[in-house]
Amino acid sequence: MTREVIHTIMLFERKYNQCFNDAVDIKRTICENQEQAIKYYSQLFKDDYPPKTVKGEKLNLYTNSTYNLELEQYLFYDFDTVDIGKPVALSESDYLIVEGCRINYSTFQNCNIKNIVFRRCSFSGSTFTNVHFDHVVFDSCLFSVPVIENGRTGVDDIYYAPTIFRNCTVVGRISDCSIEHTLFEKVCFTLTKFERSSLQECVFDMCPLSSVEVKDCNLSDFKVMNTDILEITFSDELKSIVNENTFIDYKVKIKKGGNIKQITTDSGWKIDNYDDAILKKSKTVKSISMVFDSNNMRSISGEYFYQSKLIEYKALHKSSKLFSTVGLVSCGYGERPSFTLISIAVTTLLFAVIYMFAGINANGITIDYTLTGGYPIGIVKAISDYGECLYFSIITGTIGYGNYDPIGLFSKIVSSLHMILGIGLFALWTGCIFKKFER
């Protein structure tokens with residue numbers, strides 16, 4: 001492996017580590033900002049909005065006590081073990097509609113929120129823990145707002161009061177929402193659609209994603225980390241926006257147990273089929289690559305494409321894996337020109353050894369070694385003959401013959417194959433280089 005290859009790998013690995021650390025820092029900042037905002041407003045409004053508790057009880061496996069959101073604002077409420085929304089709805093037209101409601105600095109735990117539309121509502125500063133969102137629509141809602149404390153007027157004094165979701169399940173649609181500075185931790189998204197929403201500095205940590213659709217969203221500074229089940233499709237009519245700080249954790253972190261059925265992720269999500277999960281992640285990372293490409297960020301697009309192919313490689317078998325291996329070794333799936341140079345060097349050195357036994361005419365000198373029935377050759381003579389064969393190998397794979405030529409049918413077949421392979425590798429290397437220059 002050349003110094004150039006090592007440098008390339010270390011450079012992208014360093015980029016990965018930096019993005020991952022940035023995601024961790026943003027997650028920490030979100031938690032700290034929410035804590036600071038709650039502390040500030042709880043002191044500021046302690047007389048006007050004292051904390052209130054809404055405590056329900058679990059009636060059966062999927063049903064709790066029902067609570068109706070009838071007020072315009074719920075500040076510093078603690079909802080525990082309650083159901084919110086309609087118990088049954090045949091379609092979205094039957095959903096309960098909650099409009100213009102402020103649900104700020106409140107906590108929801110062990111709740112079921114189902115068959116409901118939140119329209120132009122605010123959830124800044126709230127925390128949802130172990131909440132099941134079943135067929136829920138967030139339409140034009142706010143999940144974080146800037147906070148300017150009294151007596152502070154500097155730009156650096158402004159921070160956000162974010163919303164935090166932990167250990168939740170979400171089935172629904174999020175349209176025209178501001179989900180900036182929001183944390184989703186161990187949240188399972190299934191059949192969920194994000195439309196025309198801003199997810200800037202939004203963090204998904206250990207979140208299983210299944211059949212998630214993204215349409216015309218702002219994904220600048222969007223972070224996804226520690227996530228293995230990624231099944232995201234883009235149905236953009238315009239374009240989802242990404243930038244150089246958008247980060248999708250492409251590393252595979254699925255843990256296999258001794259029993260093939262015991263395959264889990266860090267989030268605790270159980271996988272039925274390892275290969276299927278790997279292929280879904282590969283497909284998603286490839287989709288992310290296309291989004292970067294549509295935003296004219298082709299270098300990052302190329303790296304994500306390369307990583308998607310490496311992920312896919314883990315789930316391939318037999319002939320498919322063989323062809324993928326050739327693509328990886330020869331050119332890094334078109335993203336590593338240095339791999340092609342290594343392939344050229346290796347094949348040149350290898351064919352030089354073959355020519356020593358196949359036989360060549362080196363400017364009137366015959367070099368034709370045999371494994372049996374011959375006589376000993378000195379080390380100096382062997383090195384000298386290998387040098388002649390190496391020269392012949394170089395010109396065969398590049399510019400053609402001079403006063404060196406193959407001897408015999410077998411040597412001609414070998415040199416013909418070498419010539420075809422050499423021309424192909426150089427064409428491949430040239431194509432990769434031009435693609436890099438174009439970017």
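Residues numbered from 1 in each chain as written. Predicted model: local features only at pLDDT ≥ 70, side-chain atom pairs only at ≥ 80, totals over all residues. Heavy atoms only, no water.

Peer 1: Please clarify how the overall build of the chain should be interpreted in this entry.
Peer 2: Within the chain one finds seven helices and 28 strands. Each of the three principal axes of the chain carries a C-alpha extent, and together these read 105 × 50 × 40 Å. A buried classification covers 47% of the 439 residues belonging to the chain. Pairs at least 24 apart in sequence give 49% of the contacts found in the chain among residues at least 6 apart. Per element, the accessible surface of the chain, about 22,500 Å² overall, is 57% carbon and sulfur. Between the mean site of the 45 positive side-chain charges and the mean site of the 50 negative ones, the chain shows a separation of 5 Å. (Helix = DSSP H or I, 4+ residues; strand = E, 2+ residues; numbered from the N terminus. Buried < 20%, exposed > 50% of the residue type's maximum accessible area, 1.4 Å probe, protein only. Contact = heavy atoms within 4.5 Å. Areas by Shrake-Rupley, 256 points an atom, 1.4 Å probe, with all protein chains shown as cover. Lys, Arg positive; Asp, Glu negative; His and termini not counted. Charge placed at Lys NZ, Arg CZ, Asp CG, Glu CD.)

Peer 1: Mind showing me how you'd approach the packing of helix H4 (residues 318–331) against helix H5 (residues 337–358) here?
Peer 2: A pair of packed helices is captured by two measures, namely the crossing angle of their axes and the spacing between those axes. Following both chains from N to C, one finds H4 and H5 inclined at 95°, their axes separated by 5 Å at the closest point. The orientation of H4 with respect to H5, classified from their angle, is roughly perpendicular. Within the contact between the two elements, H4 uses Leu-328, Val-329, Ser-330 and Cys-331 and H5 uses Pro-337, Phe-339, Thr-340 and Ser-343. Here the residues of the contact of H4 with H5 sort into five nonpolar, three polar and no charged. (Axes fitted to C-alpha atoms, helices over the stretch in contact; angles between N-to-C directions. Parallel < 35°, antiparallel > 145°, perpendicular 65-115°, else oblique. Nonpolar A, V, L, I, M, F, W, Y, C, P; charged D, E, K, R; others polar.)

Peer 1: Explain the sheet that holds strand S28 (residues 404–406) to me, please; I cannot follow it from the model alone.
Peer 2: Strands pair in a sheet through their backbones, by hydrogen bonds, and they do so in one of two ways: parallel or antiparallel. If you trace the three strands from one edge of the open sheet to the other, you get S27-S26-S28, paired in antiparallel fashion. The open sheet has two free edges, formed respectively by strand S27 (365–367) and S28, since each of these has just one partner strand. Averaged over all pairs of adjacent strands, the angle between their axes in this sheet comes to 25°, without regard to strand direction. Pairing analysis gives three bridges linking strand S26 (residues 360–362) to S28, with the strands arranged antiparallel. Bridge pairing in S28 places Ile-360 opposite Pro-406. Contacts between helix H6 (residues 379–396) and the sheet are confined to S26, S27 and S28, with S28 contributing the most and set at about 85° to the helix. (Pairing = 2+ DSSP bridges.)

Peer 1: It is not clear to me how the layout of surface pockets should be interpreted in this structure. Could you clarify?
Peer 2: Roughly 340 Å³ of volume is contained in the largest pocket. Considering the residues around the largest pocket, the lining is formed by 18 residues, among which Leu-61, Tyr-62, Cys-111, Asn-112 and His-132 are closest to the centre. Looking at the lining of the largest pocket, the elements that each hand over two or more residues are strand S9 (112–119), strand S11 (132–139), strand S15 (169–175) and strand S17 (188–195). When its residues are assigned to classes, the lining of the largest pocket shows seven nonpolar, eight polar and three charged. (1 Å grid on protein atoms, 1.4 Å probe; cavity = no way out; pocket = protein on both sides within 12 Å on 5 of 7 lines; lining within 4 Å. Points joined across faces, edges and corners; volume = space filled by probe spheres on them.)

Peer 1: How should the pattern of salt bridges be read in this particular structure?
Peer 2: Opposite charge on two side chains lets them pair, provided their charged atoms get close. Using the criterion set out here, one finds 23 salt bridges in the structure. A salt bridge links Glu-92 to Arg-173, with the nearest nitrogen and oxygen atoms 2.4 Å apart. Note that Glu-92 is positioned in the loop between strand S5 (82–85) and strand S6 (96–99) and Arg-173 in strand S15, a separation of 81 residues in sequence. Arg-173 gets classed as partly exposed once you look at its relative accessible area, which sits at 22%. Ionic pairing is found between Glu-237 and Lys-215, a salt bridge with its closest N-O pair at 3.0 Å. Here Glu-237 is found in the loop between strand S21 (230–234) and strand S22 (247–248), whereas its partner Lys-215 is found in strand S19 (residues 209–215), with 22 residues between them in sequence. On the basis of relative accessibility, which here comes to 62%, the residue Glu-237 falls in the exposed class. Taking relative accessible area as the criterion, Lys-215 reaches 13% and is therefore assigned buried. (Salt bridge = Lys/Arg side-chain N within 4 Å of Asp/Glu carboxyl O.)

Peer 1: Mind showing me how you'd approach H5 here?
Peer 2: Helical geometry: 3.6 residues make up each α-helical turn, so side chains three or four residues apart lie on a common side. Compared with an ideal rise of 1.5 Å per residue, which puts 22 residues at 32 Å, H5 spans 31 Å between its outermost C-alpha atoms and is within 8% of the ideal. Count one or two residues on from H5 and you reach Gly-359, which has phi positive near 100°. (Expected span 1.5 Å × (residues − 1).)

Peer 1: Quick question: what am I supposed to make of empty space enclosed by the protein here?
Peer 2: Gaps left between atoms show up when a probe the size of a water molecule is rolled over them. Under the definition given, this model contains two cavities of 30 Å³ or more. Approximately 90 Å³ is the volume attributed to the largest cavity. Lining the largest cavity are 13 residues, with Phe-204, Val-214, Leu-219, Phe-222 and Ile-232 sitting closest to its centre. Counting only elements with at least two residues in the lining of the largest cavity, the list comes to S19 and S21. Sorting elements by how many residues they give to the lining of the largest cavity places S19 first, with three residues. Among the residues making up the lining of the largest cavity, the classes are represented as 13 nonpolar, no polar and no charged. In this structure, the second largest cavity encloses a volume near 60 Å³. Taken together, Phe-133, Phe-138, Phe-143, Phe-165, Val-170, Ile-174, Phe-184 and Phe-189 form the lining of the second largest cavity. Elements represented by at least two residues in the lining of the second largest cavity include exactly S11 and S15. When the residues that make up the lining of the second largest cavity are grouped by side-chain class, the tally is eight nonpolar, no polar and no charged.

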